[in-house]
Amino acid sequence: MCMGNESYQFGMDNEAAVQFFKKCIVDDPGMSTAVAAIQTLLEFMNQNSAETLSELRENLKSVIDVLTKTEGSVASISSGCELFLRFITLASLDNPDFQECKRVLVERGQLYLKRAASARTKIAKLCHSFIKDGATILTHSRSRVVFEILKMADEQKKRLNVYITESCPDKSGYIMEKVDLVLVGAEGVVESGGIINKVRCFISCIGTYQMAVMTKAANKPFYVVAESFKFLRLYPLNQEDVPNSFKFSDNSTCSGNHPVVDYTPPSYITLLFTDLGVLTPSAVSDELIKLYL
């Protein structure tokens, strides 16, 4: 975990929060951007000079807005931070002492961070029985959760063939007929059970959606692995319904107006492996409702 080693006489401001966020990612490259953002919010709460709960909440929202503009993983940062705020304010705070209320909020935040940080290992264990010895797997882009699953399989001496999509002109093309399953991560899981995930950009965009279409046509299983803090209160019906704030980023290496993420409808997804359990796409909405109760 990233540890703050500076104190701020007048509280941590947005600029300092961004620097702390970037330091978390540099110090621990394996940390997801959403977890880094949550840890930043916790540090911000500890250092912030707000004197009321409403002021603290507004300050936290301001930091979240800045963080979503700092890194390309807008969907996962947005959902993780929103669920963090929801979790720490679940119960009423009747104590008139603001500092005591703040202490309770920080404790809840630390509990949420602990759960979020352990989600990846829990998902890998759930996915274990679906990864057979000798399996050939196709994956897309870079997913830390997928990497955790593959690492665990390797530790258990499973022999795997793993292919990763490549969109460069001289290395393009899929080998769907050779694979046993497709395993991808997600930037966000929406209410319908569909996912928002990054595309690979070079001259054109090749994304998760195209992979899912071909996987279904080849009658192969399409598995998604994602932490529950990536569950979004969003219900896109098509690519156009995905918010532009998710699709386009100033930090993108894509040229022109190419989106950095695409939307894969639930009809193309076989199962989702999450820290809440193994879910069918239709079960996601029920789990998302529980998260916001």
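Refer to the preceding data block for the structure.
Residues numbered from 1 in each chain as written. Predicted model: local features only at pLDDT ≥ 70, side-chain atom pairs only at ≥ 80, totals over all residues. Heavy atoms only, no water.

**Quick word on the packing of helix H2 (residues 33–47) against helix H3 (residues 53–67)**
What counts is decided by this rule: Each axis is a line fitted through C-alpha atoms, taken for helices only over the stretch in contact, and angles between the N-to-C directions span 0 to 180 degrees. Secondary structure elements are defined from DSSP: runs of H or I of at least 4 residues count as helices, runs of E of at least 2 residues count as strands, and each element is numbered from the N terminus. Crossing handedness: left-handed means the near helix sits turned counterclockwise from the far one by under a right angle, and right-handed means the same turn made clockwise. The contact criterion used is simple: two residues touch if any of their non-hydrogen atoms lie within 4.5 Å. The residue classification treats Ala, Val, Leu, Ile, Met, Phe, Trp, Tyr, Cys and Pro as nonpolar and Asp, Glu, Lys and Arg as charged. All others, Gly included, are polar.
The contact between H2 and H3 brings their axes to 11 Å, and the two run at 145 degrees. When the axes of H2 and H3 are compared, the crossing they make is right-handed. Here H2 contributes Ala37, Thr40, Leu41, Phe44 and Met45 to the contact with H3, which in turn contributes Leu56, Asn59, Leu60, Val63, Ile64 and Leu67. Classifying every residue of the contact of H2 with H3 by side-chain character gives nine nonpolar, two polar and no charged.

**With respect to the pairing of strand S9 (residues 261–264)**
Within a regular beta strand, the side chains point alternately toward one face of the sheet and then the other, so they alternate between its two faces. To be explicit about the condition: Per-residue accessibility, obtained with a 1.4 Å probe over protein chains only, is compared with the maximum for each type, and a residue is labelled buried under 20%, exposed over 50%, and partly exposed between these values. A pair of strands is labelled paired if DSSP reports no fewer than 2 bridges between them.
On S9, burial covers both faces: Val261 and Tyr263 on one face and Asp262 and Thr264 on the other are all buried. Pairing analysis gives four bridges linking strand S5 (residues 195–198) to S9, with the strands arranged antiparallel. Looking at S9, one finds that Asn197 is bridged to Asp262.

**Examining empty space enclosed by the protein**
Put simply, the test is: A 1.4 Å probe that fits but cannot get out identifies a cavity on a 1 Å grid over protein atoms alone, an open set with protein on both sides within 12 Å along at least five of seven lines counts as a pocket, and a residue lines either if it has an atom within 4 Å of a point. Grid points are joined across faces, edges and corners, and a volume is the space filled by probe spheres set on the points.
All chains considered together, the criterion is met by one cavity of 30 Å³ or more. Considering only enclosed or pocket space, the largest cavity measures out at about 40 Å³ in volume. Around the largest cavity, the lining residues are Ala124, Cys127, His128, Ile131, Ile149, Met152, Ala153, Gln156 and Lys158. Elements represented by at least two residues in the lining of the largest cavity include exactly helix H5 (98–127) and helix H6 (144–155). Looking at the lining of the largest cavity element by element, the count peaks at three residues for H6.

**Section: the packing of aromatic side chains**
What counts is decided by this rule: Aromatic contacts are taken between Phe, Tyr and Trp rings whose centres are within 6.5 Å, Trp giving its six-membered ring; a plane angle under 30 degrees counts as stacked, one over 60 as edge-to-face, and the others as tilted.
Counted under the stated rule, the structure contains six aromatic pairs. With a centroid separation of 5.7 Å and 80 degrees between ring planes, the pair formed by Phe130 and Tyr223 is classed as edge-to-face. Remark: Tyr223 occurs in strand S8 (residues 222–225) and Phe130 occurs in the loop between H5 and strand S1 (136–139); sequence separation between them is 93 residues. For Phe130, a relative accessible area of 28% gives the class partly exposed. Between Tyr223 and Phe273, the ring centres sit 5.4 Å apart and the planes meet at 90 degrees, which makes this aromatic pair edge-to-face.

**Concerning the sheet that holds S9**
Across the sheet, which stays open at both edges, the three strands sit in the order S4-S5-S9 with antiparallel pairing between neighbours. In the strand order of this sheet, the two ends are held by strand S4 (188–189) and S9, each with one partner. Pairing of S4 with S5 involves two bridges; the strand directions are antiparallel. When the sheet's bridge partners are listed, Val189 is paired in S5 with Ile195. Sheet strands in contact with helix H7 (residues 208–217) are S5 and S9, and its direction is about 30 degrees off that of S9.

**Details of the layout of surface pockets**
Approximately 350 Å³ is the volume found for the second largest pocket. Lining the second largest pocket are 17 residues, and of these Tyr112, Arg115, Ser228, Leu276 and Leu291 lie nearest its centre. Contributing elements (two or more residues each) for the lining of the second largest pocket: helix H4 (74–88), H5 and helix H9 (284–291). Element by element, the count of residues in the lining of the second largest pocket is highest for H5, at six residues.

**Looking at the pattern of salt bridges**
Once their charged atoms are close, side chains differing in charge can pair, the charge on each being opposite to the other. What counts is decided by this rule: We define a salt bridge as a contact between a side-chain nitrogen of Lys or Arg and a carboxyl oxygen of Asp or Glu at a distance within 4 Å.
Taken as a whole and assessed by the stated rule, the structure comprises nine salt bridges. Residues Asp65 and Lys69 are paired through a salt bridge, measuring 2.9 Å at the closest nitrogen-oxygen approach. Residue classification places Lys69 among the exposed positions, given a relative accessible area of 60%. Among the salt bridges present, the one from Lys151 reaches Glu148, with a minimum N-O distance of 3.6 Å. With Lys151 and Glu148 both in helix H6 and three residues apart, this pair spans about one turn of that helix. One network of salt bridges, with partners in common, ties together Glu100, Arg103 and Glu107.

**Looking at the environment of Ala153**
Relative to the assigned elements, Ala153 resides in helix H6. Sequence separation of Ala153 and Asp133 is 20 residues, and the distance between their C-alpha atoms is 8.5 Å. With residues near it in sequence (within four places) discarded, Ala153 still touches Ile131, Lys158 and Leu160.

Just distances and angles here, no functional claims.
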